[in-house]
Amino acid sequence: DAKTTQPPSMDCAEGRAANLPCNHSTISGNEYVYWYRQIHSQGPQYIIHGLKNNETNEMASLIITEDRKSSTLILPHATLRDTAVYYCIVRVRNTGTASKLTFGTGTRLQVTL
Amino acid sequence: DGGITQSPKYLFRKEGQNVTLSCEQNLNHDAMYWYRQDPGQGLRLIYYSQIVNDFQKGDIAEGYSVSREKKESFPLTVTSAQKNPTAFYLCATKGIYGYTFGSGTRLTVV
């Protein structure tokens, strides 16, 4: 299984861009990078995902390096409501038809005034 | 609205008792998952099911059991064999566009 490595915590000033890194050096060619976030005592919320190309949606941008061994989630204008734990996940596909989603410990982003 | 409903939100159990956590979805997703989260920790996979009447053990299946008799439902039973059942339990489904999570059940053993 491809593993991910994220810093345990980061701080960001409100209104500034938050750049959250993730290493996934053992990622396979057909595995996607997903980002989720979890606000305290709630279920994780999907943010964005990508395979090779950079992706952008209304919530964030995802930058994937050319060798696909790392990626960065960018929240362009962080607000206090973005304070959460952010998970970088590589989708694992088993040899059969089943697939499972494996979480690491994530990065706790604290947005401050 | 389509989504996942987990119930109850809070659950208290006496030691030695089995308890069942409910997960219902109306997203028409085939795959469903159960995760456990401990304070300050990431999510750990307990069980998952790709289709009705089929399920697979995750990383920490001991002390848990599941069933998948209907596409919409994937209940999790925490048995008395689970040594440290106090945790936050999350149910999820997987569709074409990714994974959707429920709001969780917080189980406390008293």
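Residues numbered from 1 in each chain as written. Chains lettered and ligands numbered in written order. Predicted model: local features only at pLDDT ≥ 70, side-chain atom pairs only at ≥ 80, totals over all residues. Heavy atoms only, no water.

A.B. asks: Please clarify how the state of the cysteines should be interpreted in this entry.
C.D. replies: As used in these notes, a disulfide is a covalent bond between sulfur atoms, one from each of two cysteines. One pass over the full model with this rule turns up 2 disulfides over all chains. Two residues share a disulfide in this structure: Cys-22 of chain A and Cys-88 of chain A, whose sulfurs sit 2.1 Å from each other. Classification of the bridge connecting Cys-22 of chain A and Cys-88 of chain A rests on its S-S torsion, roughly -80 degrees, and on that basis the disulfide is left-handed. Taken as a pair, Cys-22 of chain A in strand E2 (residues 18-23) and Cys-88 of chain A in strand E8 (residues 84-93) lie far apart in primary sequence, 66 residues in all. Taken as a pair, Cys-22 of chain A and Cys-88 of chain A share a single burial class, namely buried. The side chain of Cys-23 of chain B participates in a disulfide bridge whose partner is Cys-91 of chain B; the two sulfur atoms lie 1.9 Å from each other. (Disulfide = S-S within 2.5 Å. Helix = DSSP H or I, 4+ residues; strand = E, 2+ residues; numbered from the N terminus. Buried < 20%, exposed > 50% of the residue type's maximum accessible area, 1.4 Å probe, protein only.)

A.B. asks: When you look at the confidence of the model for chain A in this model, what are you seeing that I'm missing?
C.D. replies: Close inspection of predicted coordinates is inappropriate for parts of the model with low pLDDT. Averaged over every residue, the pLDDT of chain A is 88; the share at 70 or more is 88%. Note that pLDDT drops below 50 for residues 93-98 of chain A; the model gives that stretch 8 contacts with residues more than four away or on any other chain. (pLDDT = per-residue confidence, 0-100. Contact = heavy atoms within 4.5 Å.)

A.B. asks: Sorry, what's going on with the environment of Glu-72 of chain B here?
C.D. replies: All names here are of chain B. If you trace the backbone, Glu-72 turns up in the loop between strand E7 (64-66) and strand E8 (76-78). Residue class for Glu-72 comes out partly exposed when judged on its relative accessible area of 38%. For Glu-72 and Ile-4, which are 68 residues apart along the polypeptide, the C-alpha to C-alpha distance reads 9.3 Å. Excluding its chain neighbours within four sequence positions, the residues that come into contact with Glu-72 are Cys-23, Glu-24, Gln-25 and Met-32.

A.B. asks: What is the right way to read the interface of chain A and chain B from this model?
C.D. replies: A common way to report how large an interface is uses the accessible area buried once the components associate. Across the contact, 21 residues belong to chain A and 21 residues belong to chain B. The interface formed by chain A and chain B includes 0 salt bridges. Where chain A packs against chain B, one counts 4 residue pairs in polar contact (both at pLDDT 80 or more). Contributing elements (two or more residues each) for the side of chain A that touches chain B: strand E3 (33-38), strand E4 (45-50), E8 and strand E9 (99-101) of chain A. Split into classes, the residues belonging to the side of chain A that touches chain B amount to 8 nonpolar, 11 polar and 2 charged. (Salt bridge = Lys/Arg side-chain N within 4 Å of Asp/Glu carboxyl O. Polar contact = N/O pair within 3.5 Å; in protein donor to acceptor, adjacent residues only side chain to side chain. Nonpolar A, V, L, I, M, F, W, Y, C, P; charged D, E, K, R; others polar.)

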